[in-house]
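# Structure at a glance
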Amino acid sequence: DRLVSETNLSKEFIKSKLEDKPIKEKKEEKVEVKIKENKSKYEEAEASLLHYMLENVEAIVVYNDYVTNIRTEKYRFLARRILQFYKEHGTIFLADFLDTLVDDKEVIKVVGEVSSLKLKEDVTKKDLLEYVKVIQDGNYLDAIEDLENQMKNAKDVIEKAKLGEEIRKLRVRRMKDVEWN
């Protein structure tokens, strides 16, 4: 009951996450990143990856291996906490993880938000990498925007040319890493 009141999750939902589930054969399906009205596709991808990180060690490994930054601060902080828990315990169990967050109401709210997402239960590494590509794309766009702002404020023509070249390189790398894979 304490868990229900602290996380605003239903008792049935918490019980369903704690029950043993039979292993099913995985079917290859393409994951669509769904965009809600109030979230960008980048936030949706971040939340979805975090959802799977709370349930699946493979998602944590994919995050650790491929994601360099999560743009949304509340999601970035939760990702760090999940990764820290995984490194300390070698696995992830939602109930045990929530026990470590007992004093952090904000993170508990974010856990409730991402764990209650209605996503498919069976996820493959390929599915997880689709989310990673969207997250990486957002990171590239942020870096390009930052360089463009620096270029607008630069006084020296040579400095502007160097920044322009960095922007070009980032755009090429973005196309190679995100759009063409």
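Predicted model only: the values in this text are computed from it and were never measured.

### Re the overall build of the protein chain
If you tally the helices and strands in the protein chain, you get nine helices and zero strands. For the protein chain, the proportion of its 181 residues judged to be buried stands at 38%. Long-range contacts, defined as pairs at least 24 residues apart, comprise 68% of the intrachain contacts of the protein chain with a sequence gap of at least 6.

### Some points on the side chain of R76
Relative to the assigned elements, R76 resides in helix α5 (residues 73–89). Here I70 takes part through its backbone oxygen, which lies 2.6 Å from a polar atom of the side chain of R76. In contact with R76, not counting residues within four places along its chain, are N69, I70 and R71.

### Structural notes on the nonpolar core
In a soluble, globular protein the nonpolar side chains are often hidden away together inside. Counting residues in each nonpolar core, the largest one holds 37 residues, and the members touching the most others are L49, M53, L78, I82, F97 and V111. Mapped by element, the contributors of at least two residues to this core are α3 (41–53), α4 (57–66), α5, α6 (94–100), α7 (105–115) and α8 (125–153). Element by element, the count of residues in this core is highest for α3, at seven residues. Residues contacting F97, with those up to four places away along its chain left out, are L54, L78, R81, I82, F85, I92 and V111. Counting residues in hydrophobic clusters, the runner-up holds seven residues, among them I144, L147, A154 and I167.

### Details of the environment of G138
Looking at where G138 falls in the secondary structure, it is placed in helix α8. C-alpha of G138 to C-alpha of S40: the two residues are 98 residues apart in sequence and 9.9 Å apart in space. Contact partners of G138, with chain neighbours within four places excluded, come to Y42 and R71.

### Things to note about the packing of aromatic side chains
Inspection of the entire model under this criterion finds two aromatic pairs. Here the aromatic rings of Y52 and Y131 are separated by 6.2 Å at their centres, their planes lie at 35°, and the arrangement is tilted. Of the two residues, Y52 is situated in helix α3 and Y131 in helix α8; the sequence distance between them amounts to 79 residues. For R71, the ring lying beneath its charged end belongs to Y42, and the centroid distance is 4.7 Å.

### Some remarks on the pattern of salt bridges
One side chain can pair with another of opposite charge once the charged atoms of both are near each other. Going through the model one piece at a time under the given rule, you end up with nine salt bridges. One salt bridge connects E113 with K74, and the closest N-O pair in it is separated by 3.0 Å. Residue E113 is found in helix α7, and its partner K74 is found in helix α5; the two are separated by 39 residues along the sequence. Judged by its relative accessible area of 40%, K74 is partly exposed. Notably, a salt bridge pairs R174 with D137, separated by 2.4 Å at the nearest N-O pair. Of this pair, R174 sits in helix α9 (residues 157–179) while D137 sits in helix α8, and the two are 37 residues apart along the sequence. In this structure, R174 and D137 share a single accessibility class: buried.

Thresholds, definitions, all that
Residues numbered from 1 in each chain as written. Predicted model: local features only at pLDDT ≥ 70, side-chain atom pairs only at ≥ 80, totals over all residues. Heavy atoms only, no water. Helix = DSSP H or I, 4+ residues; strand = E, 2+ residues; numbered from the N terminus. Buried < 20%, exposed > 50% of the residue type's maximum accessible area, 1.4 Å probe, protein only. Contact = heavy atoms within 4.5 Å. Polar contact = N/O pair within 3.5 Å; in protein donor to acceptor, adjacent residues only side chain to side chain. Core = buried A, V, L, I, M, F, W, Y, C linked by side-chain atoms within 4.5 Å. Phe/Tyr/Trp six-rings, centres within 6.5 Å; stacked < 30°, edge-to-face > 60°. Lys NZ or Arg CZ within 6 Å of the ring centre and 35° of its normal. Salt bridge = Lys/Arg side-chain N within 4 Å of Asp/Glu carboxyl O.

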